Structures are given as structure tokens and as C-alpha cells.
Amino acid sequence: MTHARDLGVVDRYQQVEVPLMTATLTQYDQHAVRCGCGTLHTAARPQGAGAGPVGYGPNPQAWAVYLMVVHFIPVQRCVRMLQSLTGATPSPGFVHGMLSRAAALTSEVDKRIRTLITLAYAVCCDETPLRVGPKEPKPGRKKADKYLLVACTQWWTHYQVGDRDLATFTAFVVKDLTASVVVHDRYQNYDSAGLGTLVHQLCCAHLLRDLDGAAEVYPDAVWPKRISDAPRALIHETNVAREQNRPGIDPQVKAKLLYNLHHGVLVGL
């Protein structure tokens, strides 16, 4: 463009870009030396290098653990994702083996998190099926799935993999929460005397789900909605009070909402 005159910046924008990732292969030569006393010293392989001629570095190892643990992606799909995104081709055995290796590296951190959770005022607990372990179920069982038990606070999360039986619950952190309020889904094991004396808070999400189900079963009844409106309003008022640094809900508001809750239950009964 001839005889053009710059009129200054008339617009601007920013663009985030991710660089293209391609797996690279680097060879490391390990040397052996024999000292004057006759002792032979050989360089040790770094962790994750593997026993064969080719291993995988910290980045693909971290990717594999991140995809499996954080996003719950199966091993075979992790292998395909790593291959399509980076060109690396780790075996399913290598990817799956990263779970136990990562668990070993974080064992001390896990113990500390477990201890911190036992000091919390309120702890949320849940259990969910997990497709790990053998494909064939144990005798007397319909499924071979394990269960992932979770105990968490606003800052900490502790996991336990096992069955949904009392032995797993006993090994879990629940029995150490005798000074905490345990929030759970009403599963029977939480009431077991083997876990000690616990202070229970039934999960409001589960209770509200039950009330939604009751409203579908009894579409002409008023009490399911009246009961569910009360805890939802109590939760809202609690969040507002917390945001405003108030010690609690306004007593009159609290009394009215509890009145609606209790009388809704009476009507339902």
C-alpha cells in the first residue's frame, strides 16, 4: 500500500496458544568405574527409566497419573491419549504401574492428610464403585468392582480403596473421627458400633433427592416441597451469614424455617 499513513492502534487482542508437544528420545550413557580398592561402581538409572533400553521421563509419567486419578480415564484410553497427543507409546502395563508407584511416593503425604482430616470439625464421607482389580467377582458377589471411599474437608481429601464392607470401613479414617461431625449418605456401616461413637449429619443432597422422589410419587401432596424448601433456605441463610461474618442465622428466620421443616415432616407422617 503506497503513501499509507499510520493512524495508530485501533484494536488489540490476545491469544493463548499451547506449543505442539512431540515426544523426544534422549540417550544417557551410564559409566562404570573400578576404584583402587577393587570395588566396582555403576551409575544407577533414574526413577522411571525402566529396566529395558527405553523408558519414560517424569512428564509422561505425571500425565498418566493425572489422567487416571484426576479424570478417572481407563488405562487403555490413557495410552491412546498419550500416543495421539505426544507420539509416545507407553505400554498399558507401564501406565497402570504408575498408580502403585505414585501411591508409594505419596504415602507420607497421605498419612499427614489423614491426620489433618481427623482434626476437622466436619468431614464429608462417601463411597463409589471403582472398576479395578480382578475381572471375576469373589464367590457370592455379583460384581468384581472395588469401592473408593472418600473423606474430605474444604482443604483435604483422603482415599481408601476396598470393598463396601465393615473391614474396609474399619481400616478407613472414619473410626478416627470421634471428635468430628461425619456427613454421610445413611449407608448402614456408618452406624456400626465397631467404628465407635460418631456424631452424624445426614447428607442434605441425599435427603433433598429423596424428597424430590417423594414429590414424584405423591404429586398432589404439599409436604415434600414444604420440607425440601426449608433445608434449602437454611443452607442459603447459612451461606449468607458466613459471607457477612455473622456468627449464625437470624434467630427469627431460623425459627420460622425450622417450624416449616418440622410441620412438613408431621404432615408427611
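A brief structural summary. These numbers come from a predicted model, not from an experiment.

Concerning the pairing of strand E4 (residues 146-152)
Logical step 1: Sheet analysis places strand E3 (residues 122-130) next to E4, joined by 7 bridges and oriented antiparallel. Its bridge partner being in E4, Cys124 is matched across the sheet by Cys152.
Logical step 2: When E4 meets strand E5 (residues 157-162), the two strands line up antiparallel, connected through 6 bridges. The residue bridging Val150 from the neighbouring strand is Tyr159, located in E5.
Logical step 3: The turn linking E4 back onto E5 is made up of 4 residues.

Here we look at the packing of aromatic side chains
Logical step 1: With the rule as written, the count across this model stands at 4 aromatic pairs.
Logical step 2: Residues Tyr56 and Phe94 carry aromatic rings whose centres are separated by 5.2 Å and whose planes lie at 45° to one another, so their mutual orientation is tilted. Taken together, the residues span a long stretch of sequence, with Tyr56 in the loop between strand E2 (40-42) and helix H1 (58-70) and Phe94 in helix H3 (residues 92-105) at a distance of 38 residues.
Logical step 3: When the centroid spacing of 5.7 Å and the interplanar angle of 40° are considered together, the rings of Phe169 and Tyr187 count as tilted. Here Tyr187 lies in the loop between strand E6 (181-184) and strand E7 (199-202) and Phe169 lies in helix H5 (residues 166-171), a separation of 18 residues in the sequence.

Notes on the packing of helix H2 (residues 75-86) against H3
Logical step 1: In the contact formed by H2 and H3, the axes pass within 9 Å of each other and the chain directions differ by 115°. The angle between H2 and H3 places the two elements in the roughly perpendicular class. Relative to H3, H2 is oriented so that their crossing is right-handed. Residues Val75, Gln76, Cys78, Val79 and Leu82 of H2 form the contact with H3, whose participating residues are Pro92, Val95 and His96.
Logical step 2: Split by residue class, the contact of H2 with H3 holds 6 nonpolar, 2 polar and no charged.

Procedures and definitions
Residues numbered from 1 in each chain as written. Predicted model: local features only at pLDDT ≥ 70, side-chain atom pairs only at ≥ 80, totals over all residues. Heavy atoms only, no water. Pairing = 2+ DSSP bridges. Helix = DSSP H or I, 4+ residues; strand = E, 2+ residues; numbered from the N terminus. Phe/Tyr/Trp six-rings, centres within 6.5 Å; stacked < 30°, edge-to-face > 60°. Axes fitted to C-alpha atoms, helices over the stretch in contact; angles between N-to-C directions. Parallel < 35°, antiparallel > 145°, perpendicular 65-115°, else oblique. Left-handed = near helix turned anticlockwise from the far one by under 90°. Contact = heavy atoms within 4.5 Å. Nonpolar A, V, L, I, M, F, W, Y, C, P; charged D, E, K, R; others polar.

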